[in-house]
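# Report on the structure
Given next are the chains, with one letter for each unit.
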Amino acid sequence: MVARVIPVDPFDLVVFGGTGDLSKRKILPGLYLRFLTGQMPPESRIIGAARSEMTDEAYRKLAAAALEEFVARDKQYKEAMGRFLDRLHYVAIDATGEGGWSQLAGLMRPGVVRAFYFSVAPALFGDLAERLHAHGIADQDSRIVVEKPFGRDLASARALNAVLAAHFEEHQIYRIDHYLGKETVQNLMAVRFANVLFEPLWNAHYVDHVQITVAETVGVGGRGAYYDKSGAMRDMVQNHMMQLLCLIAMEPPYKFDPNAVRDEKLKVIRALQPVAAEDIVRGQYRGKPGSEEGGKAEPSYLEDVGDAQSRTESYIALKAQVANWRWQGVPFYLRTGKKLRARTSEIAIVFKEAPHSIFGEEEGWKENVLAIRLQPNEGMNLRVMIKEPGPGGMRLTDVPLDMSFADALGEEGTDIPDAYERLIMDVIRGNQTLFMRGDEVEAAWAWTDPIIEGWEARGDRPRGYDPGSSGPEDALMLLHRDGRRWREIRG
Ligand code: BG6
């Protein structure tokens, strides 16, 4: 199967923070890969903007080095890279002063889509938005793209929304949550709303509980300073995991339209109940001494962030409840953490027993589970019960109905574009479906804030867990207590 590529309209994309880490790792490589497929029209341009003085030539060199480092070797075509780099320009800009703005204004062309990527600290959003207007660079149709973290609580998120709203309409603001750009995350909507099979079962009558796991093997490494002010709740749950939960729990939108989809997600967030202290387990990874067999020593979380007193969590598990008719009494167990056994993101819908079961555990009965693997090895797996072959009475065994996208779709199933590639093209297309609306972000913080305030007021300390484990022991109890069990964390 060959992926269909529909070119977007020609554009001028200005990347503020154009020399920064995100530009090098994601934005420039993502654009190059879209250029390669023909989706980015050759007459489009990317204008890097940052504080330091630099010529176009020097910026192209910086971008070339980034492509060599972050684009897969088998996609590095010299000639195409050269043509792509020719589309790059650079302007030295002073975000808080007047330097560079008239030059930028002079560079912008009429008649092409204008987009501005704010890959800078949120404290600069207001300055940038204001100057884009003052210098007549942004027009009614221009788009701005902002990254997470979008605030660190409700008050700061509201303030950021207000700063942006002073100069841009909501339909011009693209708040990135890169999880929404992941192929399988979007597939959640396709699976739910393009098949009649699942919908009748997708409710409290048939679903026992839902498990959402995002496990990482990496520690906080060089990001300690940022991470320690954030923690797993702010870094992962308030945004990425919340989005996953919404896509699972939302009602079918009346059409596949950005606001119709986001209206339904917002209702889910608003229906989330406060989380009791006993329904939260936080953890911090321990260190590991080196072994005589040559095993390398690994620093603990506290060593990674350089603060022996830190109470920030590198792991969190919690039990969330969506208070509406569809999900009454169905727990959503969420867990995410660093330095765990394997890198895996998975959503598991665990179904109830049949209303009248003629088989029991002695026959080997187990519940049906629909597991959606987001990464790695994107795919779906449905556990169904069958009869164990052979004589000797009725014994049941479970088999997976397993679909890996790679097997099912061939090259297209493995050659999945990075989230940023898709999201940037959606900005140019003017499609906000995969971006968070201001009210969604605020509602997510409104749910998150009291949870964090609760543990801060109680002075809770995170529990230690070993690197390479499944997290703190107490997290097991969160489900055992309810007569349930976490699925194994497997890569
Ligand atoms: C980021 C978080 O938003 O998502 C990181 O800040 C985390 O801490 C990352 O590692 C995970 O993204 P992915 O795409 O690797 O699952």
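Higher on the page you've got the structure.
Below, the structure is looked at part by part. (Residues numbered from 1 in each chain as written. Predicted model: local features only at pLDDT ≥ 70, side-chain atom pairs only at ≥ 80, totals over all residues. Heavy atoms only, no water.)

## Notes on empty space enclosed by the protein
Under the criterion given, the structure shown has two cavities of 30 Å³ or more. Here the largest cavity defines a volume of roughly 70 Å³. Contributing to the lining of the largest cavity are K148, P149, F150, G151, R234, Q238, N239, M436, V441 and W445. Listed by contribution, the elements that provide at least two residues to the lining of the largest cavity are α9 (231-249) and α15 (438-458). (1 Å grid on protein atoms, 1.4 Å probe; cavity = no way out; pocket = protein on both sides within 12 Å on 5 of 7 lines; lining within 4 Å. Points joined across faces, edges and corners; volume = space filled by probe spheres on them. Helix = DSSP H or I, 4+ residues; strand = E, 2+ residues; numbered from the N terminus.)

## What to know about the sheet that holds strand β7 (residues 207-215)
Strand order in the open sheet made by the nine strands is β14-β13-β12-β11-β7-β10-β9-β8-β15, with mixed pairing throughout. Taken across any chain shown, the strands that pair with only one partner, and hence form the sheet edges, are β14 (396-404) and β15 (463-465). For this sheet the average axis-to-axis angle between neighbouring strands, irrespective of direction, equals 20°. Pairing between β7 and strand β10 (residues 331-337): six bridges, direction parallel. Counterpart to I212 in the pairing with β10 is L334. (Pairing = 2+ DSSP bridges. Axes fitted to C-alpha atoms, helices over the stretch in contact; angles between N-to-C directions.)

## Topic: the environment of G20
Relative to the assigned elements, G20 resides in the loop between β1 (11-16) and α1 (21-37). The exposure class of G20 is partly exposed, given its relative accessible area of 25%. Distance in space between the C-alpha atoms of G20 and A49 is 10.0 Å, their sequence separation being 29 residues. (Buried < 20%, exposed > 50% of the residue type's maximum accessible area, 1.4 Å probe, protein only.)

## With respect to the site of the ligand
As a structural note, the neighbourhood of the ligand is formed by K148, H178, Y179, K182, E216, R223, D235, M236, H240, K338, R343 and Q375. E216 has a polar side-chain atom sitting 2.5 Å from an oxygen atom of the ligand. The separation between an oxygen atom of the ligand and a polar side-chain atom of R223 is 2.8 Å. For the ligand, the accessible surface in isolation is 400 Å², of which the surrounding protein chains cover 81%. Of all the cavities here, the one that holds the ligand is the second largest pocket. When residues in the shell around the ligand are grouped by element, the largest group, three residues, is from α9. When its residues are assigned to classes, the shell around the ligand shows two nonpolar, three polar and seven charged. (Near = heavy atom within 4 Å. Polar contact = N/O pair within 3.5 Å; in protein donor to acceptor, adjacent residues only side chain to side chain. Areas by Shrake-Rupley, 256 points an atom, 1.4 Å probe, with all protein chains shown as cover. Sits in = over half its atoms within 2 Å of the grid points. Nonpolar A, V, L, I, M, F, W, Y, C, P; charged D, E, K, R; others polar.)

## Describing the pattern of salt bridges
Counting across every chain of the model gives 38 salt bridges. Note that D263 is salt-bridged to R437, the shortest N-O span being 2.9 Å. Here D263, found in helix α10 (residues 258-271), pairs with R437, found in the loop between α14 (419-429) and α15; they are 174 residues apart in sequence, far enough to count as distant. Where R373 meets D402, a salt bridge forms, and the shortest distance between an N and an O atom there is 3.8 Å. Placement of R373 in strand β12 (residues 369-375) and of D402 in strand β14 is noted, with a sequence separation of 29 residues between them. (Salt bridge = Lys/Arg side-chain N within 4 Å of Asp/Glu carboxyl O.)

## Considerations on the layout of surface pockets
A water-sized probe, rolled over the atoms, reveals where empty space remains. Considered as a void within the structure, the second largest pocket measures approximately 1,500 Å³ in volume. Around the second largest pocket, the lining is made up of 48 residues, and of these L22, K26, H178, R223 and Y420 lie nearest the centre. Counting residues per element, the ones that place at least two in the lining of the second largest pocket are α1, α7 (183-193), β7, α8 (224-228), α9, β12 and α14. With four residues, the top contributor of residues to the lining of the second largest pocket is α1. In terms of residue class, the lining of the second largest pocket is made up of 21 nonpolar, 12 polar and 15 charged.

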